[in-house]
Amino acid sequence: MDLLLGSIAAGIVLGMVIALVALGLTIIFGVMEIVNFAHGEFLMVGMYTGLLTAQATGTDPIFTLPVAAIVGFLLGVICYAGFIKFLIRGPMVAQLLGTFGLMLFLRNLALLIFGSSDRTVHHGILVGKSFDIGMGIILPATKAAAAGLSVIAFLAVWLLMNRTKIGKALTATALNAQAARYMGIPTEKMNALAWGIGGGSVTVAGALIVNFWAVNPFMGLLFTMIAFTVVALGGFGSVPGAFFAGLVVGLIMEIPGFWDFFTYTFDWPWMADVPMTSLKYMWIYVAYFVITVIRPRGLFGWKH
Amino acid sequence: METLKNAVDFSDFPRIDLVIAGAVAFLFLIFPLFSASSFAMATMIQFFMFSLYGMGWNTIGGYGGQVDLGKAQYVGIGAYTTAVMLLRWDIPFWVSMPVGMGIAVIWSFIIGYPLFRLKGHYFAIATIATSLVLKDLFTVWSFVGAARGLEISPITYPPPDYMRLIFKEDIYYYYLILGFFFLGLLYMNWFRKSRLGFQLRCIKDNEDMARSLGINVHWAKIKTYAIATAFVSMVGSFHVCYIKVIEPVDIMSLDLSILIALMAMLGGAGSLWGPIIGAGVLIPLRSYLKEWLGAAAGLVGIDLIFYALIIMIVSAFEPRGIWGIVEKVRRRKRR
Amino acid sequence: MAFLEVQNLTKTFGGLRANDSISFSLEREELIGLIGPNGAGKTTLFNCICGHHPVTSGRIIFDGQDVTALKAHAMARLGIGRTFQVYAATGDLTVLEKVMVGCFLHTRSRSKARACAEEILGDLKLFDLSDYLVSELPVAAQKRVVMAMALGTQPRLLLLDEVAAGLNTPEIEEIMASIRHVNKDRGVTVILIEHVMEMVMKVSERIIVLDYGAKIAEGPPEVIAKDSKVIKAYLGERYAKEHGTIDHRSSINDQNQIR
């Protein structure tokens, strides 16, 4: 039972962070209908930023979140103004491959600068500590803090989108860019802003994740696929959808934990032979495929 | 009979194209006489393989307009079928290649049916997802060597083994893949003029219009996907005989899928020469960048940075590719 | 037995009744006009007949066969062709190639498809435009190319959706001649959605009027033009009351000019 509750708790905690990872993707898609393949690489940038600033200042990456947010915002805006702006004039094939090029670029730039080895945060006020929240569930402090801060960041972006003038202008651009332009909304700036917010939120997520996840130049694709799955489940363009779908995907990522539980409970020998840990991420891809085929609009999708 | 005539009939291209194509084909034939290094030879073989991959992709992705980013799974199916059959039962290439194609086509029908209910981005990402699922499964499947993959290189090389395609010198592989290349080109020339080719181009244009003209859009896409699959799987079988070592992370990686799509797009998706031009530009560039900048100067990853920049520039400024530019200039001249 | 029989066809989108229990029938080689104000459900009716939309309720019988549940491509195979109101002329197929796509429905042979397409293009006097892209042509020629594409499938029933929209008078004369030719000489039954009244009144043998999704009138052009319900639908109740019945040439045409 402990095993089961532990997996559920771990899944939900991870899911909260993942929701923040996917938030940027869904905002960008909602506003511009472009799918950013480099999303996982943006996360990687956030992770390196968190890691390096923490190492340089000797503090915990959690305290350098503002730096990550600024870096991410600038990254998003620069990518939009320097590249995406030209890309969106072309057909969808070009958009897909173009953002894929951006992904390759960022990935190999990281490879050139940082090398291919895994890097982790070794010290910090949270690393190595954990809470026992009862019922045998032990939560690492890094994950708990990341989850909490993710939810706060998520709420902040949600408030920005729903309670401010800028957020309303963004939503208007998303619903109908041409009409928004006639209303005097600078849609071009709104697009750049969407990329800024998207980039900023995902790099913050990166700086949170780096506390408990090793970073290397090749880890972006996995998170891109995770983010796609979240966004497909929550509905492309839906912010609340991204949050709940993030939790679901967090649980999907804990499937090996559940598998252990069932193996332990039922004690069938063949279950132990399944290399579930190696297939950990496969369920993400399976989930994406099944979700889009069965319900293309996702749970909360308002646009397709 | 008419099929054969259509396959060898290139007369709808301007004469200048045919002269250039003929000259290039001749150069391909005599290339081994001049090739100074085995490196150049290896690059050429790569070029032919990727041209063929690109032609396969071009059927569904170029003529059909369906952005398929999961072709690596079929490279993997072809390559693994050949390698496993060779290692376990000593079955020669010429048997295992069609078997691999059959398996790949069956798999393509299974996933193609739900896949083509999706459109646009959903479709493109779903093709990636299916490819990654297969890759993960192969990574844990011990029958096919799991994560370590398979190696088919013999300890000592026998005299040229035409049945198993085990050669010591690259020149055998060169002429073999050149043969495949010419056959593939003829097939593509037939395909673009075939009923399915026309229907696909109409589907790419406007699906509702295609339906009103009596085209079963879903089925036409699935059929074409199977053709693309067979193409890619065939070359995958050759690929493993040539490189001799396969690992799932390599042969089924997303990078390979993207490379295939990218070449066709750079050259000009939906045109006969597009994939060949694209491969002709990208493969030598990749090989030499890696050689000069990567290995020689010790800058790991810099080759791919250049590569990524090319992708970005092409997709932002000339999405119709090199052949698109040529056609644009020609149309302008004619008017 | 009628050639095409539509029985109580209803199509709803959510709460909106786009087609409300429409019934009509037509005979072989008739030429019928389908008119109605914007949003009356004309194009929806076409989409339902052609199988582009699933029908909510009702039946469609074509040439003695119940075709209600058939998909669009199966309908085309049975011999129902159509054109679209909005057709973005994109793509890299030339005019000849576009018409060949339709011709490929009944043959696998490229040379036969080509011969068929050339015959149709010649018949519609489009032969000189064979090698152009559709996007390079003027609107009037594009409209006739779209007709030629539909004819490629050898339809027995052809549904034309606003083929004259946006054309000037000589161009309308030209396309009217083409439609008459297709109907009389090729023996194709035609249903025509049109806003250009002078054309629809001249060319149709019978006219069906839709308003708010329902059929409000049916009959020969001269009767329809005097029908008080039709005038109400087009010009509003007040206008109809003040002026009584009016000659169609002045009234409906005027309304059309405003549009």
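Note that the structure is predicted; figures quoted are calculated from it, not measured.

A. Expanded view of the overall build of chain C. Helix and strand counts for chain C stand at 11 helices and 10 strands. Taking contacts inside chain C between residues at least 6 apart in sequence as the whole, the part at least 24 apart equals 63%. When the accessible surface of chain C is totalled, it reaches about 10,900 Å², and 50% of it is carbon and sulfur.

B. Region of interest: the interface of chain A and chain B. Taken together, the 44 residues of chain A in the interface contact 42 residues of chain B. When chain A packs against chain B, close to 3,800 Å² is buried across both sides, 84% of that on carbon and sulfur atoms. By the criterion of area lost to chain B, the three top residues of chain A are Leu 97, Leu 112 and Phe 289 of chain A, representing 16% of everything that side buries. Across the chain A-chain B interface, the total number found is one salt bridge. For Asp 255 of chain B, the salt bridge is made with Arg 107 of chain A, and the minimal N-O distance between the two is 3.4 Å. Considering only residue class, the side of chain A that touches chain B consists of 33 nonpolar, eight polar and three charged.

C. A look at the interface of chain C and chain B. Chain C puts 32 residues into the contact, and the matching count from chain B is 23 residues. Where chain C packs against chain B, one counts two salt bridges. A salt bridge links Glu 97 of chain C to Arg 201 of chain B; the nearest nitrogen and oxygen atoms lie 3.8 Å apart. Mapped by element, the contributors of at least two residues to the side of chain C that touches chain B are α2 (72-78), α3 (95-103), α4 (110-123) and α5 (139-152) of chain C. With five residues, the top contributor of residues to the side of chain C that touches chain B is α3 of chain C. Residue classes in the side of chain C that touches chain B are distributed as 13 nonpolar, 10 polar and nine charged.

D. Molecular detail of the layout of surface pockets. Estimated volume of the second largest pocket: approximately 1,300 Å³. Arg 107 of chain A together with Val 249, Asp 250, Ser 253 and Asp 255 of chain B are, among the 44 residues lining the second largest pocket, the residues nearest its centre. Residue contributions to the lining of the second largest pocket peak at six residues, all from helix α12 (residues 254-267) of chain B. Tallied by class, residues from the lining of the second largest pocket come to 27 nonpolar, eight polar and nine charged.

E. Quick peek at the packing of helix α3 (residues 65-87) of chain A against helix α8 (residues 187-209) of chain A. Residue and element names in this part refer to chain A. The N-to-C vectors of α3 and α8 enclose an angle of 140 degrees; their axes lie 6 Å apart at closest approach. One element, α3, and the other, α8, form an angle in the oblique class. The way α3 lies across α8 gives a crossing that is right-handed. Within the contact of α3 with α8, the residues separate by chemical class into 14 nonpolar, seven polar and two charged.

F. The arrangement of the state of the cysteines in detail. All names here are of chain C. Using the criterion set out here, one finds one disulfide over all chains in the structure. Shown here is the disulfide that connects Cys 103 with Cys 116, its sulfur atoms set 2.3 Å apart. Because the torsion about its S-S bond is -70 degrees, the bridge between Cys 103 and Cys 116 counts as left-handed. Within this pair, whereas Cys 103 is found in helix α3, its partner Cys 116 is found in helix α4, the two being separated by 13 residues in sequence. Like Cys 116, Cys 103 is buried. Left unpaired, Cys 48 is separated from the closest cysteine sulfur, that of Cys 50, by 9.5 Å.

G. Examining the packing of aromatic side chains more closely. Residue and element names in this part refer to chain B. Within this structure, the stated rule accounts for 41 aromatic pairs over all chains. Three or more aromatic residues joined by ring pairs form one cluster here, namely Phe 28, Phe 31, Phe 47, Phe 48, Tyr 174, Tyr 175, Phe 181 and Phe 182. Taking the ring centre of Phe 198 as reference, the NZ or CZ of Arg 201 above it sits at 5.7 Å.

H. Structural view of the confidence of the model for chain A. Residues with a pLDDT of 70 or more make up 91% of chain A, whose mean pLDDT is 81. The lowest-confidence element of chain A is strand β1 (residues 130-132) of chain A, averaging 68 in pLDDT; the highest-confidence one is α3 of chain A, averaging 88.

The rules we used
- Residues numbered from 1 in each chain as written.
- Chains lettered and ligands numbered in written order.
- Predicted model: local features only at pLDDT ≥ 70, side-chain atom pairs only at ≥ 80, totals over all residues.
- Heavy atoms only, no water.
- Helix = DSSP H or I, 4+ residues; strand = E, 2+ residues; numbered from the N terminus.
- Contact = heavy atoms within 4.5 Å.
- Areas by Shrake-Rupley, 256 points an atom, 1.4 Å probe, with all protein chains shown as cover.
- Buried area = accessible area lost by both parts, 1.4 Å probe.
- Salt bridge = Lys/Arg side-chain N within 4 Å of Asp/Glu carboxyl O.
- Nonpolar A, V, L, I, M, F, W, Y, C, P; charged D, E, K, R; others polar.
- 1 Å grid on protein atoms, 1.4 Å probe; cavity = no way out; pocket = protein on both sides within 12 Å on 5 of 7 lines; lining within 4 Å.
- Points joined across faces, edges and corners; volume = space filled by probe spheres on them.
- Axes fitted to C-alpha atoms, helices over the stretch in contact; angles between N-to-C directions.
- Parallel < 35°, antiparallel > 145°, perpendicular 65-115°, else oblique.
- Left-handed = near helix turned anticlockwise from the far one by under 90°.
- Disulfide = S-S within 2.5 Å.
- Buried < 20%, exposed > 50% of the residue type's maximum accessible area, 1.4 Å probe, protein only.
- Phe/Tyr/Trp six-rings, centres within 6.5 Å; stacked < 30°, edge-to-face > 60°.
- Lys NZ or Arg CZ within 6 Å of the ring centre and 35° of its normal.
- pLDDT = per-residue confidence, 0-100.

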